[in-house]
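# Examination of the molecular architecture
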Amino acid sequence: MTAVAQARIRKRVLPSPVTGQEVVLAGVIAALWAALAVGTPAFLTAGSVQPLLVATAPVALVGVGMTIVIITGGIDVSVGGAIMVCSVLTAKALVGADVGLGAAVLLSVAAGGVLGLVNGVLIAYGRVHAIIITFGTANLFMFLGLRIFGSGTVNGIPGTLAFFGRGPDGRTLGIPHAFLITLLITAAAWWWLRHTAGGRHFFAIGGDAQAARLAGVRVQRRVLLAYVLTGLLVGLASCFVIAQGTSTLDQSVGSGKELAVIAAVVIGGTSIMGGRGSVLGTLLGALLVQTVVSGVTQLGWRSQLSDLFVGIFIIVAVGADLLRARARRNR
Amino acid sequence: MSRAVRLLLTQRIALLAVLLVVVVVTFFINDMGGYLTAPYDFDYMSASLISAVPLAMLGLAEMLVILSGRGGIDLSVGAIVSLAGMGFGFAYGEWGWPLWPAILATAGLGALLGAVNGFLVSYIGFPALIATLATFYAYKSLAIVVNDQQPISTAPVQELFTLSKSVELPLFGRYVPDVPLGIFTFLLPTVVAVWLLLARTGYGRRLYAIGTNDVAARWAGIPVRDTRFKAYVYAGLISGLVAVVTVGQFASARPDAGVSGNGMALPAITIAVLGGVAITGGIGRVAGVVLATLLIVWLNAGILLAFVGNEGSQYQLLALGAVLIFAALLNGLTNRKYGGTQ
């Protein structure tokens, strides 16, 4: 077989690097930014865009893990509870033991990994649908988080994590570190999912777990890995959450984040049925959601209206995807 | 012996009944030993049933959509409770409608909101998780915006609190504890109606059929889309009724009634799954959902007495999560060993 033919086959096997959904999303975000720039002159300034990018980071970062989980045909609705556990644990360590930046990140990521491991073991080896297990562990994690909180809030958190925050310490050349890290991890995950056998296995499992198993994919280990990875990313994202907040952490931390992350993933074009999806789309989805949130506030509208637009965007994004799939079938 | 184990594992209702007895007896023993902060007796158990009303009704609503199969689930029931509750607040509290038309209109509003879900899922083909996630956001937002974040608690709405008071039963009422009124006005009629719908009508048989096998049902000439659509409408209708109950309980139409904190959808799905409703559709019974509700309500009520301060509400989360995972793993085991739960 000639090199040209091999290259052609490789081209056919791999999906296109950027899906139609992502192009449309990028276009929609660009149009929104343009409209907002016209509507409120303050929008396209560093003082407005930088907080937007910082606020996008945690959702997009957890979204990378959630994308992989959903590609395998699963789902994880416990990430909100997991964010609560990781952030309160880390905040307590920052206040009580005055740990450094590295130790705090390590602690948070390790805690997230353990929580992800619990999910992964139960789902991969318990043979129960992921949504039921993670509904259960969501309650367990919230219990754990509230117990660590004790009775009130965590006060007087030092600025150790300012490296990830909104302030001037959190930026290099004007780019927020939190967003930069998210971007790098997204890029790495994009490469891993698209160009390595290990990454392609996730798609195989989501397409047909039985067929994947017969083809030699170690399905249970791969599924376990997907949830552990999500847990690790939750740990890192929790550091971002603490850094973006004030010096006080209250018990509502993480609440509702699981739905925000899932919204970003499905707006990004990942199929909830599994087997199809991309982390690039998830990043764009998170950016779109955050643009809507920040745009609604800057236009002086009621901030809760942003949820209405998020709902509409989910319907439009997934609806467009459904129509395209229908067109493909009829061709 | 092995027969008894088999019965417990394969008959979800038997398992739930045993668990229920274990929970109640455990708390009675604790009570006698003086370990609880207040007496756990029949009066207390009866009074705690007030929280069973919305939980069981929403559990039944989730059961209907989960039964319909193809990943059926409704994340938006809590948001429907919020939005329909605001509608009820306006109609009854602000516009001075009489009570019955206001309740009917609220149920109708709930059914309409459910119909949006059903249309998206059944006719357009959205995955249920996504469609109801989107409408969850939309309804939640509308409920908050519609009255500028303000609750409606005018005089007529406040007087509705009588809906949730306890009453003495007629005839033999002196010998048994007083029971919350909501049980008779809302919960029992809903339970009976859903049971009749599922067990005694053609619609119920069609719903089980499309949940068990979508394709086979279509080839058998069943109007699959219409049947699935109606499941979401009924779920919305029940959520609308829950909205009335919730407004009565709070004595106020709160814009975040169904979505604050953990929301109402997640506990409702938990109750349905615990009650033996298979998440893949086609399997589930009304009695299971009712028993699961009683189990969780009486467990929670006991936990509240076993701890001081807000620790009790935290341990309720632990109990709910542990029971759900236990039941789910048991389902997995049963499927492998005996070929399924009934």
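For the structure given in this document, a descriptive report is provided here. Treat the numbers as computed from the prediction; the structure is a model and nothing was measured. (Residues numbered from 1 in each chain as written. Chains lettered and ligands numbered in written order. Predicted model: local features only at pLDDT ≥ 70, side-chain atom pairs only at ≥ 80, totals over all residues. Heavy atoms only, no water.)

Here we come to the overall build of chain B. Helix and strand content of chain B: 15 helices and 2 strands. With the principal axes as the frame, chain B shows a C-alpha extent of 60 × 60 × 40 Å. When burial is assessed residue by residue, chain B has 56% of its 342 residues classed as buried. Considering only contacts in chain B between residues 6 or more positions apart, those separated by 24 or more positions represent 74%. (Helix = DSSP H or I, 4+ residues; strand = E, 2+ residues; numbered from the N terminus. Buried < 20%, exposed > 50% of the residue type's maximum accessible area, 1.4 Å probe, protein only. Contact = heavy atoms within 4.5 Å.)

Next up on the list: helix α6 (residues 130-149) of chain A. Within an α-helix, residues lying three or four positions from one another point in the same direction, as the helix has 3.6 residues per turn. Residue and element names in this part refer to chain A. The end-to-end C-alpha distance of α6, which contains 20 residues, comes to 27 Å, matching closely the 28 Å that a straight helix rising 1.5 Å per residue would cover. The buried fraction of α6 amounts to 16 of the 20 residues, a majority that puts the element mostly inside the structure. A positive phi of about 75 degrees marks Gly150, the residue just after α6. (Expected span 1.5 Å × (residues − 1).)

What follows deals with the packing of aromatic side chains. Applying the stated criterion across every chain, the model contains 16 aromatic pairs over all chains. Here Phe90 of chain B and Trp95 of chain B contribute two aromatic rings whose centre-to-centre distance is 5.7 Å and whose plane-to-plane angle is 25 degrees, an arrangement assigned as stacked. Three or more aromatic residues joined by ring pairs form one cluster here, namely Phe27, Phe28, Tyr40, Phe42 and Tyr44 of chain B. In this arrangement the basic side chain of Arg200 of chain A is found over the ring face of Phe203 of chain A, its NZ or CZ atom lying 4.4 Å from the centre. A cation over an aromatic ring shows up here: Arg222 of chain A above the ring of Phe202 of chain A, its NZ or CZ 5.4 Å from the ring centre. (Phe/Tyr/Trp six-rings, centres within 6.5 Å; stacked < 30°, edge-to-face > 60°. Lys NZ or Arg CZ within 6 Å of the ring centre and 35° of its normal.)

Looking now at the packing of helix α4 (residues 52-67) of chain B against helix α12 (residues 224-250) of chain B. Residues and elements named next belong to chain B. At a minimum axis distance of 8 Å, the contact between α4 and α12 shows a crossing angle of 170 degrees. The angle between α4 and α12 places the two elements in the roughly antiparallel class. Along the contact surface, α4 presents Val53, Pro54, Met57, Leu58, Ala61, Leu64 and Val65, while α12 presents Ala231, Tyr232, Tyr234, Ala235, Ile238, Ser239, Leu241, Val242, Val245 and Gln249. The residue makeup of the contact of α4 with α12, split by class, is 15 nonpolar, 2 polar and no charged. (Axes fitted to C-alpha atoms, helices over the stretch in contact; angles between N-to-C directions. Parallel < 35°, antiparallel > 145°, perpendicular 65-115°, else oblique. Nonpolar A, V, L, I, M, F, W, Y, C, P; charged D, E, K, R; others polar.)

Let us look at the side chain of Asp76 of chain A. All names here are of chain A. Inspection of the secondary structure assignment puts Asp76 in the loop between α3 (46-71) and α4 (79-96). Nearest to the buried, unbridged Asp76 among oppositely charged side chains is Lys257, at 15 Å. In terms of polar contacts, Asp76 uses its side chain to reach the side chain of Ser78, at 2.7 Å. Apart from the residues lying within four places of it in its own chain, the contact partners of Asp76 are Met66, Val69, Asn119, Thr134, Tyr227, Thr230 and Ile262. (Lys, Arg positive; Asp, Glu negative; His and termini not counted. Salt bridge = Lys/Arg side-chain N within 4 Å of Asp/Glu carboxyl O. Polar contact = N/O pair within 3.5 Å; in protein donor to acceptor, adjacent residues only side chain to side chain.)

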